[in-house]
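Geometric and topological summary
Chain residues, written in single-letter form:
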Amino acid sequence: MVSAIMKRRSIRKFTEEKVSADSAMRIVEAGAAAPSAMNRRPVRFILLDKEAMARFAEKVAQKEPFIEGQWAIAVCADRRGYDQEGAWLEDCSAAMENILIAATEMGLGSLWYGVYARPAKEPQVREALKVPKGVEVCGIAVIGHAAEEKEPHRGVDSSILHIGCWKE
Ligand SMILES: Cc1cc2nc3c(=O)[nH]c(=O)nc-3n(C[C@H](O)[C@H](O)[C@H](O)COP(=O)(O)O)c2cc1C
């Protein structure tokens, strides 16, 4: 799995090759396996097939991945009755990353489409997905077979690592 972590890159162009519903569900399962603060598990998923993605693409910015991709998974949090303050966003982010890594491990390309706290996107996405008040949309994972090749990540740039304590 470490190799899938390093290989994961943002893919924005996808081929027409199908991805089975079974594969999509395995990816959702990886999202559902993410850790959750105090195990409150507020994360919810909305799975979009090609038909739903085509309808969705008509209403949002950056349409191409939704037109070309095979599946999209909106990672949401149900905050109704939720008592862990802002931790729902961390739970959603952990779920999202699991989804992207699982897709990479399965030989698929993926993209994290950011939604939460983006005024230019959030209202349109919420309306298109019929998300009720009290439920947040963190972001949407788009999944498909990659039509672009990208180098894997490697190494740690020294500028991002402090040893022992923060050093200016
Ligand atoms: C919270 C978050 C939101 C993002 N939103 C978008 C987005 O809306 N559209 C997009 O094309 N890429 C989006 N990305 C992907 C980033 O642009 C990408 O991760 C970054 O350029 C690094 O490239 P890599 O993912 O290939 O390592 C998002 C990434 C994160 C973590």
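Please read all numbers here as calculations on a predicted model, not as lab measurements.

Parameters and conventions
Residues numbered from 1 in each chain as written. Predicted model: local features only at pLDDT ≥ 70, side-chain atom pairs only at ≥ 80, totals over all residues. Heavy atoms only, no water. UniProt positions renumbered as here; feature names shortened; annotations may be inferred. Helix = DSSP H or I, 4+ residues; strand = E, 2+ residues; numbered from the N terminus. Pairing = 2+ DSSP bridges. Axes fitted to C-alpha atoms, helices over the stretch in contact; angles between N-to-C directions. Contact = heavy atoms within 4.5 Å.

1. Structural notes on the UniProt feature "domain: Nitroreductase" (unreviewed entry) in the protein
Under the UniProt annotation, the feature "domain: Nitroreductase" (unreviewed entry) is placed at residues 5-66 and 83-145. Helix makes up 42% of residues 5-66 and strand makes up 10%, while its end C-alpha atoms are separated by 23 Å. Each end of residues 83-145 is marked by a C-alpha atom, and these two atoms are 39 Å apart; helix forms 41% of the span and strand 25%.

2. Considerations on the sheet that holds strand β3 (residues 109-114)
Spatially, the four strands line up as an open sheet ordered β1-β2-β4-β3, and their pairing is antiparallel. On the outer flanks of this sheet lie β1 (43-48) and β3, each paired with one strand and no other. The mean angle between the axes of side-by-side strands here comes to 25°, regardless of whether they run parallel or antiparallel. The pairing of β3 with strand β4 (residues 135-144) spans six bridges and is antiparallel. Counterpart to Tyr113 in the pairing with β4 is Ile140. Lying over the sheet, helix α3 (residues 50-57) contacts β1, β2 (71-78) and β4, oriented at roughly 95° with respect to β1. Each of β1, β2, β3 and β4 is contacted by helix α5 (residues 87-105), which is oriented at about 5° to β4, the strand it contacts most.

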